[in-house]
Amino acid sequence: LRARLEGYGAKRAAHRWLPQHMTALKASYEAILASLETGGVDVDTYLRENQRFHRTLLDAADSAPLRQQISGLVLPPIVARTALSYSLDELKRSNDHHRELLEALDARDGDWAEAVMRGHILAAKRKFFLRYTGDT
């Protein structure tokens, strides 16, 4: 459900974003990128900036009902637990999804943005289930 709703939010955002949204999204992407380029795994920076990225994207979608539904689905402890299990390569791949979302938003391509966001959330879901249940 989260993948569908956040995907829809990314699609809406592609047609509604304002320059300040793109500035904030790029800043979060670049902060994560800089933290990963040190060769270490800085999960605190990742979690903070990932949350900021997703929140900003939801702001750009400009839908109070959507924000309310997603806020009821995103459980910060589960997000944190999943991120803590990520390798450096997995954190980089997650941030690569953010880069591709930036490209889709910049192109104002809602279908592309939706597909990338859905894949981003589903990749995290798969990692969570593999790590904590051994099942996909």
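Look a little higher up for the structure.
Below you will find a few notes about this structure. Going along each chain's sequence as written, the residues are numbered from 1 onward. Since the coordinates come from a predicted model, pLDDT governs what is reported: local features require at least 70, and pairs of side-chain atoms require 80 or more to be given and counted, while whole-chain, interface and lining totals use all residues. Based on all heavy atoms of the structure, the side-chain values leave hydrogens and waters out of the count.

## Considering the nonpolar core
- For this analysis, a nonpolar core means a set of buried residues of the types Ala, Val, Leu, Ile, Met, Phe, Trp, Tyr and Cys, connected via side-chain atoms within 4.5 Å. Summary of the burial criterion: residues with accessible area below 20% of their type's maximum are buried, those above 50% are exposed, and those between are partly exposed, where the area comes from a 1.4 Å probe applied to protein chains only. Counting residues in each nonpolar core, the largest one holds 24 residues, and the members touching the most others are Leu57, Leu101, Leu105 and Ala113.
- Formed by 8 residues, the second largest nonpolar core is a distinct cluster that contains Ile32, Tyr46, Ala83 and Tyr86.

## What to know about the environment of alanine 3
- Working definition: helices are DSSP H or I runs of at least four residues, strands are E runs of at least two. Numbering for both runs from the N terminus. With respect to the helices and strands, alanine 3 occurs in helix H1 (residues 2-16).
- Distance in space between the C-alpha atoms of alanine 3 and alanine 34 is 27 Å, their sequence separation being 31 residues.
- Residue contacts are counted whenever heavy atoms from the two residues lie within 4.5 Å of one another. With residues up to four places along the chain from it excluded, the contact list for alanine 3 reads Arg118, Ile121 and Leu122.

## Structural notes on helix H2 (residues 19-36)
- A helix is expected to span 1.5 Å multiplied by its residue count minus one. Along its 18 residues, H2 runs 26 Å from first to last C-alpha, staying within 8% of the 26 Å computed at 1.5 Å per residue.
- Inspection of H2 places His21, Met22, Ala24, Leu25, Ser28, Tyr29, Ile32, Ser35 and Leu36 among the buried residues, and these make up the whole buried set.
- If you follow the buried residues of H2, they end up packed against helix H3 (43-61) and helix H6 (88-106).

## Let's talk about the side chain of glutamate 90
- Tracing the chain through its elements places glutamate 90 in helix H6.
- On the accessibility criterion, glutamate 90 (18% relative accessible area) is buried.
- Within the structure, glutamate 90 has its side chain in polar contact with the backbone nitrogen of serine 87 (distance 2.8 Å).
- Among residues more than four places away in sequence, those in contact with glutamate 90 are Ser85 and Lys127. As used in this structure description, the phrase polar contact means that two N or O atoms lie within 3.5 Å; if the pair is within protein, one of them must be able to donate a hydrogen and the other to accept it, and residues adjacent in sequence are counted only when both atoms belong to side chains.

Purely geometric stuff here, so don't read any function into it on its own.
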